[in-house]
Amino acid sequence: QVQLVESGGGLVQAGESLRLSCAASGSTFSITTMGWYRQAPGKQRELVATITIGGTLSYADSVSGRFTISRDNVKNTLYLQMNSLRPEETAVYYCVKSIGLPGEFWGQGTQVTVSS
C-alpha cells in the first residue's frame, strides 16, 4: 500500500527558507517520477517541480533558481528545498508519486505560510 507523508511545512517570513520532506512507503519509489504540486487558496493546483528516475529535474518558471528538488532512493524520501520564499507562495504543498502516470498518488499535503 502506497503512503506519502509530507513534513517540513510551517510559517516563515518572506525571504526565508524551508525544506519539505516526503517519506514514501512501497518499493516503487526509486523507479518512478516524483514531484511537488502546490495549491494556494482559491487557485488551481500548480506543478512546482519534478524529478525523474534518471534525475532529470524540472521546475515551474516562478520557482526556478530558488527551489531545489531532490530524492534519496535509499531512504525513499523526496525533498524540496525552498529559498527566498514569497508571500504569494503560501499554499498547501503536495508530494506526488508517478506524476502523470498510471498509479499517480498524492500525499495529504503540508501547509506553507509565508508572511510579508
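Treat the numbers as computed from the prediction; the structure is a model and nothing was measured.

K.L.:
Help me out: how do you make sense of the side chain of serine 98 in this one?
P.N.:
One can find serine 98 in the loop between strand 9 (91-97) and strand 10 (105-106). Excluding anything up to four places from it in sequence, serine 98 contacts Thr32, Thr33, Met34, Gly103 and Glu104.

K.L.:
Help me out: how do you make sense of the packing of aromatic side chains in this one?
P.N.:
For any two aromatic rings, the description comes down to two numbers: the centre-to-centre distance and the angle of the planes. This model, assessed by the stated rule, comprises two aromatic pairs. Measuring from ring centre to ring centre gives 4.8 Å for tyrosine 37 and tryptophan 106, while their planes differ by 35°; the resulting arrangement is tilted. Here the residue tyrosine 37 occupies a position in strand 4 (residues 34-39), and tryptophan 106 occupies one in strand 10, the gap between them amounting to 69 residues. In this structure tyrosine 37 comes out as buried when scored by relative accessible area, which is 18%. Here the aromatic cluster, defined as three or more aromatic residues joined through ring pairs, consists of Tyr37, Tyr94 and Trp106. Looking at arginine 45, its charged tip hangs above the ring of tyrosine 94, at a distance of 5.2 Å from the centre. Here the guanidinium or amino end of arginine 45 rests over the ring plane of tryptophan 106, the centre of that ring lying 4.2 Å away.

K.L.:
Please explain the state of the cysteines as it appears in this structure.
P.N.:
Any covalent bond linking the sulfur atoms of two cysteines counts as a disulfide. Here the structure, examined in full by the defined rule, presents one disulfide. Between the sulfur atoms of cysteine 22 and its disulfide partner cysteine 95 the distance amounts to 2.1 Å. Every disulfide takes its handedness from the sign of the S-S torsion; for cysteine 22 and cysteine 95 that torsion is -75°, giving left-handed. In this pair, cysteine 22 sits in strand 3 (residues 18-24) while cysteine 95 sits in strand 9, placing the two residues 73 residues apart along the sequence. You'll find cysteine 22 and cysteine 95 in the same group, each marked buried.

K.L.:
Teacher, can you tell me more about the pairing of strand 9 here?
P.N.:
Remember that side chains alternate between the two faces of the sheet whenever the strand is regular. Of all seven residues in strand 9, six are buried; the element is thus mostly enclosed. For strand 9 and strand 11 (residues 110-115), the ladder comprises three bridges, and the chain directions are antiparallel. Paired with valine 92 across the two strands is glutamine 111, which belongs to strand 11. As paired strands, strand 9 and strand 10 are joined by two bridges and run antiparallel to one another. Bridge pairing in strand 10 places lysine 97 opposite phenylalanine 105.

Analysis parameters
- Residues numbered from 1 in each chain as written.
- Predicted model: local features only at pLDDT ≥ 70, side-chain atom pairs only at ≥ 80, totals over all residues.
- Heavy atoms only, no water.
- Helix = DSSP H or I, 4+ residues; strand = E, 2+ residues; numbered from the N terminus.
- Contact = heavy atoms within 4.5 Å.
- Phe/Tyr/Trp six-rings, centres within 6.5 Å; stacked < 30°, edge-to-face > 60°.
- Buried < 20%, exposed > 50% of the residue type's maximum accessible area, 1.4 Å probe, protein only.
- Lys NZ or Arg CZ within 6 Å of the ring centre and 35° of its normal.
- Disulfide = S-S within 2.5 Å.
- Pairing = 2+ DSSP bridges.

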